[in-house]
Amino acid sequence: MTADVPMAPLVGLPAALRAEFAVWRRSAVAHLPLGGLAFALAGSAMFLTAGSGRTWKDVLGHQNLWAMFVGPMLTVLLAVTAARIDGGARGGGTWYRPVPPGHRHLSRFVALAARSLLLNVLGAGTPLLLLGLLSSTRQVPAGRAIEAVLIPWVSQLGLLALTLWLTRRMHAGAALAAGFVWAVLGVVEAESAAWAVLPFTWLDRGALPVLGTHANGVALEAHSALAGASPWPPSWARCSRSRSCCCRGRSRPAPEPPGTVRPLTGRRSRRPPARS
């Protein structure tokens, strides 16, 4: 008789989170937020060469390109890069361990959301700090500066979850293209009358009142309805979508580890046994 092999206990969510943060510590995913810093330094240099006499409202308006396109696309690239590395490494062994799929997807989302926050702090916070230190007239009020960093990040969480969900079902290049289309549609339709029922507009709609610009970068008029709108409803609406995307659906079945032997199964014959 053969003894039953005891099943390994399932890995809990805290352990899955610790493992996920450790996996990306020295990878390209960890270095990708430096792209936000490079963009911030280049944007600050361009702002300074444009001339003097500009106020903190101009500094906020200069963040339009980051909030509308560069930040979202770097967040998409973050998710796609993680998916490509994970596929090439065959999950780093986690595919073959007793980790519930929901824990694996949620821990991946949390780890990349932290990288996305760092990306926005470097990409949006660095110009606000540098330009404010160089001139007192460019010092953005603390409340508006915090919103200029947090609002885009919260809005990008839904896009991050959507991209992770897509990478589990299609090629990484197709997921990157889908993220690009989503970001472009968000800019084009951000100020449409139907923005509340168009999820891709939630990516940009919340940042417009904070930056004081239209989606195309032109400053808001004093009588514009967007000037006094709250930035949080569309941002939280986009964030709430991430909860259903990051753990929804089944992931692709993991390949079996090398050396696994599957018993051969055949179709039972319907012919009656031969008589002796």
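Analysis parameters
Residues numbered from 1 in each chain as written. Predicted model: local features only at pLDDT ≥ 70, side-chain atom pairs only at ≥ 80, totals over all residues. Heavy atoms only, no water. Helix = DSSP H or I, 4+ residues; strand = E, 2+ residues; numbered from the N terminus. Buried < 20%, exposed > 50% of the residue type's maximum accessible area, 1.4 Å probe, protein only. Contact = heavy atoms within 4.5 Å. Areas by Shrake-Rupley, 256 points an atom, 1.4 Å probe, with all protein chains shown as cover. Salt bridge = Lys/Arg side-chain N within 4 Å of Asp/Glu carboxyl O. Phe/Tyr/Trp six-rings, centres within 6.5 Å; stacked < 30°, edge-to-face > 60°.

With that settled, consider the overall build of the protein chain. A tally of regular secondary structure across the protein chain gives 11 helices and 0 strands. If you list the helices and strands of the protein chain from N to C, you get α-α-α-α-α-α-α-α-α-α-α. For the protein chain, buried positions account for 41% of its 276 residues. Counting contacts in the protein chain only where the partners sit at least 6 residues apart, residues at least 24 apart contribute 79% of the total. For the protein chain, the computed accessible surface area is about 15500 Å², with 65% contributed by carbon and sulfur atoms.

This next bit is on the pattern of salt bridges. Counted under the stated rule, the structure contains 1 salt bridge. With its nearest N and O atoms 2.4 Å apart, the salt bridge here joins Glu20 to Arg108. Linking Glu20 in helix H1 (residues 13–23) with Arg108 in helix H6 (residues 101–134), this pair joins segments that are 88 residues apart in sequence. A single burial state applies to Glu20 and to Arg108, both of which are buried.

Applying the stated criterion across every chain yields a total of 3 aromatic pairs. Summarising the aromatic geometry, the rings of Phe69 and Phe180 are spaced 5.9 Å apart at their centres and angled 85 degrees between planes, so their arrangement reads as edge-to-face. Highlighted residues: Phe69 in helix H5 (residues 64–88) and Phe180 in helix H8 (residues 172–189), separated in sequence by 111 residues. By relative accessible area, which is 41% here, Phe180 ends up partly exposed. Judged by centre distance (5.8 Å) and plane angle (90 degrees), the ring pair of Trp182 and Phe200 falls under edge-to-face. With Trp182 in helix H8 and Phe200 in the loop between H8 and helix H9 (202–205), this pair connects stretches of sequence that are 18 residues apart.

Among the structural elements, Arg138 can be located in the loop between H6 and helix H7 (142–167). Contacts of Arg138, omitting those with residues within four sequence positions, involve Phe47, Leu48, Gly51, Ser52, Arg54, Thr55, Trp56, Val59, Leu131 and Gly132.

Here we take up the environment of Leu150. Note on placement: Leu150 falls in helix H7. The sequence separation of Leu150 and Gly125 amounts to 25 residues, and the corresponding C-alpha distance is 9.7 Å.

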